Amino acid sequence: MGTKKLGSVGRFGTRYGRKLKDKVLDIEKIQKSKHTCPHCKKKGGVKRVASGIWYCKKCNTKFTGKAYKPE
Ligand SMILES: [Zn+2]
């Protein structure tokens, strides 16, 4: 098994278990996916600024949410 197919989690190397890799991959998928703003309902306008902090560029609102999901 090469590291190419692992994508962004390849950098974690082999000392991490497969389960953790899957979990990290899931989190990164969620982080990179587009989220709908709970204020203006703009789809894909929400970006994660920090853990639990989200920003909507459409309505210029910063709000708190869950660590990996805005709602
Ligand atoms: Zn918004």
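Note that the structure is a prediction, hence the values are computed from the model and not measured.

A. Spotlight on the overall build of the chain. Within the chain, the secondary structure is distributed over one helix and four strands. Each helix (α) and strand (β) of the chain, taken in turn from the N terminus, gives the series α-β-β-β-β. Taking as baseline every contact in the chain between residues at least 6 positions apart, the subset at least 24 positions apart corresponds to 13%.

B. Seen up close, the pairing of strand β3 (residues 53–56). Across the two faces of β3 the burial differs, with Trp-54 and Cys-56 buried and Ile-53 and Tyr-55 not buried at all. Pairing of strand β2 (residues 43–50) with β3 involves four bridges; the strand directions are antiparallel. Counterpart to Arg-48 in the pairing with β3 is Trp-54. Where β2 hands over to β3, the hairpin turn is made up of two residues, of which Gly-52 adopts a positive phi near 80°.

C. Spotlight on unusual backbone geometry. For Lys-41, which is not a glycine, the phi torsion comes out positive at approximately 65°. Position of Lys-41 relative to the elements: it lies in the loop between β1 (35–36) and β2. You can call Lys-41 exposed: it has 11 C-beta atoms within 10 Å. One non-glycine residue, Asn-60, lies in the positive phi region at around 60°. Relative to the helices and strands, Asn-60 resides in the loop between β3 and β4 (61–64).

D. Local environment of the sheet that holds β2. The strand order β1-β2-β3-β4 describes an open sheet built from four strands, whose pairing is antiparallel. Looking along the sheet, the strands with just one partner apiece sit at the ends: β1 and β4. Two elements, β1 and β2, share two bridges in a ladder whose sense is antiparallel. Bridge pairing in β2 links His-35 to Val-46.

E. A look at the environment of His-39. Among the structural elements, His-39 can be located in the loop between β1 and β2. When the C-alpha atoms of His-39 and Cys-59 are compared, they prove to be 7.7 Å apart, with 20 residues separating the residues in sequence. Not counting the four nearest positions on each side in its chain, His-39 is found in contact with Cys-56, Cys-59 and Thr-61.

Reading the values: rules and limits
- Residue numbers run consecutively from 1 along every chain, following the written order of its sequence.
- With the structure being a predicted model, the display of local features is reserved for residues of pLDDT at least 70 and the display and counting of side-chain atom pairs for 80 or more, all residues being used for whole-chain, interface and lining totals.
- Here a strand is any run of E in DSSP of at least two residues, a helix any run of H or I of at least four, and the numbering for each starts at the N terminus.
- Residues are scored as being in contact if the C-beta atoms we place from backbone atoms lie within 7 Å.
- Remark: C-beta atoms are placed from the backbone, and a residue is labelled buried if 20 or more other C-beta atoms sit within 10 Å of its own, exposed if 12 or fewer do, or partly exposed between those counts.
- Strands are labelled as partners when DSSP assigns at least two bridges between them.

Any functional reading would require information beyond the geometric quantities listed.
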